[in-house]
Every structure is written in C-alpha cells, then in structure tokens.
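Structure at a glance
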Amino acid sequence: MKTVSILMLRAALQLATFWGTNGKLMSKAPCRPGFSQSFYSVLISRDVLQGRSILQDSTVSSPKVSFDDCMANEGVVFQSSDPRFSIGADGSIYAQREVTSLTAPVQFTVTASGPHVWETTVKLALMGQPTPSSPGNQVTEEEGKGGERKEEEEVKAPPEFQAPPTVIMFPRQQEISSKGLRRQKRDWVIPPVNVPENSRGPFPQMLVSIRSDQDRNISIRYSITGVGADQPPNEVFSIDPVAGKMFVTKPLDRERRSSYHLRAHAVNMNGERVESPIDLYIYVIDMNDNRPEFKNQVYNGSVDEGSKPGTFVMHLAAFDHDDNTTANGMVRYRILSQTPHSPIPNMFTINSETGDIVTVAAGLDREKVSQYSIIVQATDMEGNLNFGLSNTATAIISVTDINDNPPELTSRTFSGEVPENRINVAVANLTVIDRDQPRSPNWNAVYRIISGDPIGHFTIITDPHTNDGMVTVVKPVDFEQNRAFMLTVVVNNQAPLASGIQSSLQSTSGVTISVVDINEPPFFPTNPKSIRFEEGVPAGTSLTTFSASDPDRFMQQSIRYSKLADPAEWLSINTTNGQIVTTATLDRESIYVKNNIYEATFLAVDNGSPMASGTGTLQIYLIDVNDNAPSLLPRESQICERINRNAGINITAADSDTDPNVGPFVFELPTFPASIRRNWTVSRLNGDYARLSLRIQYLKPGVYEVPVIVSDSGNPPLSNRSIIKVKVCPCDENGDCTLVGAVAAAGLGTGAIIAILICIIILLSMVLVFVVWMKRREKERQTKQLLIDPEDDVRDNILKYDEEGGGEEDQDYDLSQLQQPDSLEHIISKPLGVRRVDERPIIPESQYPIRPAVPHPGDIGDFINEGLRAADNDPTAPPYDSLLVFDYEGSGSTAGSVSSLNSSSTGDQDYDYLNDWGPRFKKLADMYGGGEDD
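Residues numbered from 1 in each chain as written. Predicted model: local features only at pLDDT ≥ 70, side-chain atom pairs only at ≥ 80, totals over all residues. Heavy atoms only, no water.

**So, the sheet that holds strand S20 (residues 298–304)**
If you walk across this open sheet you meet the 4 strands as S20-S27-S26-S23, and the pairing is mixed. The outermost strands of the open sheet, each flanked by one partner alone, are S20 and strand S23 (332–339). Taken over all neighbouring pairs, the strand axes of this sheet differ in orientation by 30° on average, direction set aside. Where strand S26 (residues 371–379) and strand S27 (residues 390–400) come together, 9 bridges link them in antiparallel fashion. Following the sheet pairing, Ser373 is matched in S27 by Ile396. (Pairing = 2+ DSSP bridges. Helix = DSSP H or I, 4+ residues; strand = E, 2+ residues; numbered from the N terminus. Axes fitted to C-alpha atoms, helices over the stretch in contact; angles between N-to-C directions.)

Written out as structure tokens, the structure reads:
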C-alpha cells in the first residue's frame, strides 16, 4: 500500500509540477482529440517489477496515459511499440511478462488508432535512480542503495520534472571488477528540456551541456541529429562539437511544432563512436500569443416566441491556437450587450465554458421584438480580463413566430349579391386581422361555411396576399328557388393555435347573399327529343309538338319558335306552339340521315329584356320500307370461251334498304331473248351470291351483255333487270385469258390491229417531215435579204417624239452651252455665267465598223456592240476632257467651301478599278492608280 500511495502521489506531483508555471487546469475545456501530453515520464517502484509482473499485484495501481477522442473513445485501440508492455482500454500500462529487473529506463511509443492516429512517448524508470545535479556528478552503486531511504524526499521533487540539468552525462557501459564480477551502472533518467516559445534571445541561447566522462583521456567531438538539427527545419538547434554545449538559434513557435526529438552523439577524433547515443526531448512551452478566434463574425440563431427560461437558443465556439490544456488556450465566454433591451436588458445568458446561449427570462414576443443582436466576447486565460486576450462576435437571434394570435374577422356581418345562374363569381369579401407573421401558416386564414349552404353553392377562397376571404359561387343559384342565403362563416389559421391559446369570439361571422333575378332562356324539357316514323311520310304530315318552357315563373313572357338547322329542308315549326310538320317526303336513304336518324335543331326565344333563347334538337328515327330495288354486282367480268367446271362469274346484289328488305336475293335469267338461257345459266351459291356460267361447250370470243333479274326479300319484293358485260376470251392452261384473246374479246381483229399500226407509222413520218422542213426554212431565212423598208425598220433608228416642256420656269435655257464652239471669241464676249471650253483632241479619229449592205438580223447585235466598243475607245468623241470655266461668285457665299468636306473613308482607297472604265478614265487612273509602287 505504501508503494501505491507513493505512485499516486508521484503522479499528482508530476501534473502539478508540469502545469505549475502554465496556469491551472480548467474544469471543463473545449474538447480537443488526442493525448493529454506528448511525453509521459513515469517512476515505477522497485518492488513492483522485481520478480513479478504488474498484473500479479492487484494492489498496485498501474500508470496510465490520458487520451480522449471526444467521442467516448469508442473504437479506439491502444498499441505499444515495446512488446513487454501493453496498454489497457482505459490507458493503463501493464507488463506482458515478468520483468526481473529494470536497470535502465525504458522508453516506447503508444499509438491510439481510431478515425485518426495519435502518438505519445512513455518513459518508465525505477524510483530512486539518481539524477546528476551538478557538472561532473557521478552516482555510485553505494549511493543508489540509499534510494529507498530517500524515497519520500524524491516524491516531493521528482528528478524528471526538476529544472533541466546543466550537464547531461552519457551513461556508463558495463565494467568488470578485479574479482571478475560484472557490474553495470544504472542509466540516468534524462528529463525533457523545456524551452518557452517566442523567446527574445539573445540567440543562440544555451540549453544544456552534454559531455562524456571519457573526455579526460581522449578528445571527443559532440553532435546532434534529428528534426530541428540536421533535418527540416534545419539549424534550429546547434551544438558546440568540442564543449558539448547545445543552443537554440531562433525563437520557437509551439503552434507550428510543439516538441523536438534529438539524439546526442559522442565520437573520437577518428569518427569512432565513444558513447551510445542518448535521446533528448525538447518541449516548447506555450505562451499566450494567440487570441481566441470565432469561425464567423456573425452567427444566426432562432428561438420561438413565448419560450420558457432555460431554452437553448444557439451555440458559439471560439478556437484558440494556444495549448488548450493550459490557461493560455482555455476560453471563456460572456455577453457584452443586447439590442434591444426589451422587455429586459438581459433576456439571454451564455455558458462561459461551452458557449451555449439560453434564455433567462420569459416574455419573448415576436409581435413586439422580432430580432435581438448580442455581442459575445471570448477571452482566454480562463476569462481573465487582465491577462487574457479577447475577441468578439455578433449573434443575431430571430424570434420565430408561433400561432399565438387567432384570426379575427373585422365585422360581425357581411353581405353581397349574386346574379342567378352565374358561377366562379366573387360575391362578398371577408376581411380578417391576424398579428402573426404575414404569409406564414400562423397567419394564413382558412375560411369554412358551417351553415346556410347545404347543397354547396358557395366556397371561400383565401387571397394569399391580403388574407381576405372571397365568397365565390361554384354552383349556379336559382332565384325561383332561393332568393337569399344566410351563411355562417368561421375562420382559422392554416397552423393550429399554440398550446394554451383559445379561439377568439370574432372568428365567426354571418354572411347574407342576395340572389338577383335575371331573364333566363327558355329550355326544352326533353332535349334531344326522339320520335319514330316510317320513311316516305308525305309532306304536310304533323310529326310532334316540340315546345319549350320558361324558367322565369314570376315573369309573364311568351315564347316564339323558329328553325335553326334543317339539313334536308324536310320540316317546319309553328312559331307559337312548336308543332313540327313535314314539308317534303322523308327518305331514310338520304345522305342527311345518319344511322337511320335525322336531326333538326330549333330555337325558342322569349320576349324578355334582354331576350333570351334556347335550342332544342329533334331526332327522327326513320323506319325502313322496301322502296329500293337491288342492283347487280359486278357490272363487268370475263370468262373462258370453253366451258370449265370451275369457271364462272360470282355475282351478288346491292340494296340501299335494310333488313328485312334486302337479301336473300333471287337471281334468274330472262326468257327473252332465247339465246340468253341457251348460252348462259345461273346457279345459286347462298342467299346473297350466285354464279353465272356458260351452258354450252364453246362460245365465240367477244363481249356479251347478259341481262340478270335480281329480286329482294321485301314485302312486297322489288326486282331489277341489270346488265353485266362479260368478255369471252381464249384461256391458257391455267384458265386465265391470254393477251391476244383479251384483244380479240374486245372486238378487234387482225386487220384492225394492222390498220392501227399503219396509222401510227404515218403519224411519225409526218412529224419527221415537219421537223426537216422547219430546219430548211431556218437556213433559207439566214441567207435571205431583209424585206423590211429602212424607214419602217426600228431596230437601228432613232425615233423622235414630241418634246414636253416643264412649264414656264423651264423655258429659259441656252442650248449653245451643249454645243462645241468653233472659236473662243463668242464665249469671251458672252455675259457672265458658266463658260465651257471644249477642245477636240488633235489626234487621228477612230475607225468605226461599217454596216453591211445586206445585214443579217443576227448581225445587228454584233454591229451595235462593235460600235459601242469603238466609241468608248475614241478620245475624239465628245464630251472632251477639257477645262470648265465658271464665273467667280464673289466672297461671302452662304455655301461652304467644298474643300471643307472630309472623306468618310478611314483608310486608303483603291482606285485600280479606274483602269477597267476605258480610255476616258485613263488620266484619272494614271493619277490615282498605280498600286503601292506609286
């Protein structure tokens, strides 16, 4: 039990010593997954390890590592890098097998595997192992025996948490005594080196001095390796290779890296290892150099109006990059201000540790205050305003609406009126007041008619914008049945009322709807009306009376009738009483009769104001009588010239009547002429079909008209004598008519066919002769002289027409300006005005083509084109390219100078097209053309 007490006390002292300079442990800090420490140094009693495992002594509490993944550690598995030790689910360290002695400290890595992987380092050492306290100190075995006597003193000041030693000695190797006994010096427990972050120097700053006790005999060179020395980030730590002094060269930042693991080496001048490397753990001590930071500057939350005190509203969280296991990273929250202060200034409070905002008072009413703005301050150092760093954020709390205000109708009674027989018409408007949030289920009104409308003539539609109820007619009302309606209406919200809220007495109201009488159209009680008559009813027969009724019982009105639609013009109607009389014979076989029914439409009009009309349809079902004789089908056919047992023509009959005035039909041949029955015979196949065939063995090919008498089964029956044209022709072995036979049967002999062919040949010869004659005539026309008088030939002459003047203002013009002058004297002596000096070029004149004496009509076009081409190339032809002289008009002209006109072209213009305009534009082409070389 003494060992247990010492171990527990030692663990408590370890925590107290480690956190003593960094602040107190917060009672409930924000959860951050991982190990509570990155390095654990644990002292184990010698009695626990010697001769038995830790698990064999149930009275001894095993050391633990503290881990939390912020999810109750579900699914987290601990593993040890040393197979001699295992980690329990609660972080306890156990020995896997007996450990008889622990002559040197044991260091291994503990890994926690879950959604992520975390690591920490554990170092186990025996209690009472000495730690050097001054440079050059050596602990002897005799001094080690007094460890148990000094155990209580060691508990008070555990070596691994004392200030880092000035000198760290390399552990000694095994030695052999003079008596041959092997003795081993126990390793020191080298505590980690703590270095505060953000140190101001000066740099390099000495941390520890490392030396070997062999430096008395040989020269030793010291070095360090690891992250921060020879691995990135490089040169954070350095060591004097001769003196063994280790330095830090720059300020450290715990938020970037919280610890360093280095190894110290000692070698001789030849580079041979003198001592085994030792592990150095450097921990960066956190400083309060980071403010708490909110993820957002503005947070939005909501709470229902009428909520009770203690209702959760929202959560705010600030993150501090400092160590949250120290006061530097322990954040506390408080509310700085609340806007507005209604109904009290402190409607909300915040949990200083968790950041949860809750209500502290009742009285939240959205209809009074719909939104609160709260300034929240987060301060580290456990909320110490004198030493901690702070930051603020804004919490916007919206008070959400609940249905705590029932809708209230603005009046106890409403009224309206509706014309009869009208639907989808709003007849009354119900207004309501609701103080809840507009256009929400708590505000939307739902109207119901609870009495006064048993048949359902009315419904109430809610206007989504104004929340008014529009009483609408959905079924037509009749003034003659109901002159007014007394409705009782109740209004509720789309959402039910909140708990404890009662409906208002003003949620019910009465609505009076008056029905306005209007002139309704007459109607036919039976529409359509059906009657049955036999076809063939003569004109003037009274069929029925088709009368209408006036629904306006309180109006004394008369009705007049007229015919609206009568396709066959068979009927007429009496304008006063609606009696239907035929004007023609009714025929069931008419095209206007569909399925034995003839339809006519009639109009009934009253004398109201305004007049109203109604229509009615009369359907006459016509009963068939046998008034149509059957006709033979087909009208044409063909048959082989020789009798064949299977040869024959199937014939039938068509009858416009219906049963029983149609088949079965009777087919027979007439007795006259006698050749019909001698050459042909008819045999019955069934009630509707018979077969016409040859009676004799051979009948000369040709076309024969065979009369057949067809009778129907009517009462009395009707008969019809029909003619069928039968072509008798030679047949092949299959019984089909041959082509020659078909022609012969048509009545054309060999001579007729030859005559037709000769006619075709003659016609083709005439066409050929006509074509040859036309070509010859065309050739003669080309060589024939023109017979047209030149005076009458208009193809190459100028026709002169009378001139038409332009009025009095168009009579003063000088034609001499258009003529070429012989000299310049008369021009100089002319009064002031336009002067034109045209000079004819002194060059040989061009040669124009000469028209032939006897031109061909086709040559006229060529002649004109050649003359036009010669005129275009003749520089002596007017107008000449001469200088035009104009009189000086004097100064002060209202017209602007032509030189002031600027070209709208933004680039150089290509004038090469002037070369294509002929010799008249040659000079312009030479002046402006020429391309880029010019």
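**What about the confidence of the model for the protein chain?**
Mean pLDDT for the protein chain: 77, with 73% of residues reaching 70 or above. Between residues 174–188, whose pLDDT stays under 50, and residues either more than four places distant or in other chains, the model counts 31 contacts. Long-range and interchain partners of residues 832–836, a stretch whose pLDDT sits below 50, account for 15 contacts in this model, where long-range means more than four residues apart. (pLDDT = per-residue confidence, 0-100. Contact = heavy atoms within 4.5 Å.)

**A look at the sheet that holds strand S49 (residues 689–694)**
Strand order in this open sheet of 4 strands is S44-S46-S49-S48, and the pairing throughout is antiparallel. What marks the edges here is a single partner per strand, and that holds for strand S44 (631–633) and strand S48 (680–684). The sheet shows a mean angle of 35° between the axes of neighbouring strands, direction not considered. As judged from the 5 bridges shared by S48 and S49, these two strands associate in the antiparallel manner. Residue pairing across strands places Thr681 opposite Ser693, the latter belonging to S49.

**Topic: the nonpolar core**
Phe237, Met246 and Ile282 are the most contacted members of the largest nonpolar core, which has 25 residues in total. Only strand S12 (193–196), strand S13 (205–211), strand S14 (221–226), strand S15 (237–239), strand S16 (245–248), strand S17 (259–267) and strand S18 (273–285) provide two or more residues apiece to this core. The element contributing the most residues to this core is S18, with 5 residues. Once residues within four sequence positions are removed from consideration, Met246 is found in contact with Gln205, Met206, Leu207, Val208, Ile224, Ser238, Ile239, Leu262, Leu280 and Ile282. Counting 24 residues, the second largest nonpolar core, distinct from the first, contains Val331, Ile350, Ile357 and Ala361. (Core = buried A, V, L, I, M, F, W, Y, C linked by side-chain atoms within 4.5 Å. Buried < 20%, exposed > 50% of the residue type's maximum accessible area, 1.4 Å probe, protein only.)

**Observations regarding the side chain of Lys529**
The residue Lys529 is located in strand S37 (residues 529–534) in this model. Of the buried charged residues, Lys529 lacks a salt bridge, with Glu599 as the closest side chain of opposite charge at 15 Å. For Lys529, the contacting residues outside a window of four places in its chain are Thr544, Thr545, Phe546, Thr617, Leu618 and Gln619. (Lys, Arg positive; Asp, Glu negative; His and termini not counted. Salt bridge = Lys/Arg side-chain N within 4 Å of Asp/Glu carboxyl O.)

**Quick notes on the state of the cysteines**
Summed over the entire model, instances satisfying the criterion amount to 2 disulfides. The disulfide bridge from Cys640 ends at Cys731, spanning 1.9 Å between sulfur atoms. The sign of the -105° torsion about the S-S bond sets the Cys640-Cys731 disulfide as left-handed. Of the two residues, Cys640 is situated in strand S45 (residues 636–640) and Cys731 in the loop between strand S51 (719–729) and helix H6 (739–745); the sequence distance between them amounts to 91 residues. Taking the relative accessible area as the measure of exposure, Cys640 reaches 12% and is therefore buried. For Cys731, a relative accessible area of 24% gives the class partly exposed. (Disulfide = S-S within 2.5 Å.)

**Thoughts on the pairing of S51**
Regular strands place side chains that alternate from one sheet face to the opposite one. In the sheet, S45 pairs with S51 via 5 bridges, with the strands oriented parallel. Considered in S51, the bridge of Ser637 is made with Val726.

**Details of the pattern of salt bridges**
Counting across every chain of the model gives 12 salt bridges. With its nearest N and O atoms 3.0 Å apart, the salt bridge here joins Arg211 to Asp215. What makes Arg211 buried here is its relative accessible area of 17%. Judged by relative accessible area, Asp215 falls into the partly exposed class, the value being 30%.

**A few points about a nonpolar patch on the surface**
On the surface, a nonpolar cluster with roughly 600 Å² of combined accessible area is contributed by Leu763, Val767, Phe770, Val771, Trp773 and Met774. Along the polypeptide, Val771 turns up in helix H7 (residues 750–783). The class of Val771 is partly exposed, set by a relative accessible area of 40%. (Patch = residues over 30% accessible without salt bridge, like charges linked within 9 Å, V, L, I, M, F, W, Y side chains within 5 Å. Areas by Shrake-Rupley, 256 points an atom, 1.4 Å probe, with all protein chains shown as cover.)

**What to know about the packing of aromatic side chains**
Any aromatic ring pair is given by two values, namely how distant the centres are and how the planes are angled relative to each other. All told, the structure shown has 13 aromatic pairs when counted by the stated rule. Look at Phe458 and Phe485: their rings are 5.1 Å apart centre to centre, the planes differ by 75°, and that puts the pair in the edge-to-face class. One end of the pair, Phe458, is in strand S33 (residues 458–462); the other, Phe485, is in strand S35 (residues 484–493), with 27 residues separating them in the sequence. In this structure, Phe458 and Phe485 share a single accessibility class: buried. (Phe/Tyr/Trp six-rings, centres within 6.5 Å; stacked < 30°, edge-to-face > 60°.)

**Looking at the pairing of S35**
Taken together, the 6 bridges between strand S32 (residues 445–451) and S35 define a ladder with antiparallel strand orientation. When the sheet's bridge partners are listed, Tyr447 is paired in S35 with Val491. With 7 bridges connecting them, S35 and strand S36 (residues 508–516) associate as antiparallel partners. Counted as the bridge partner of Leu487 is Val511 from S36.

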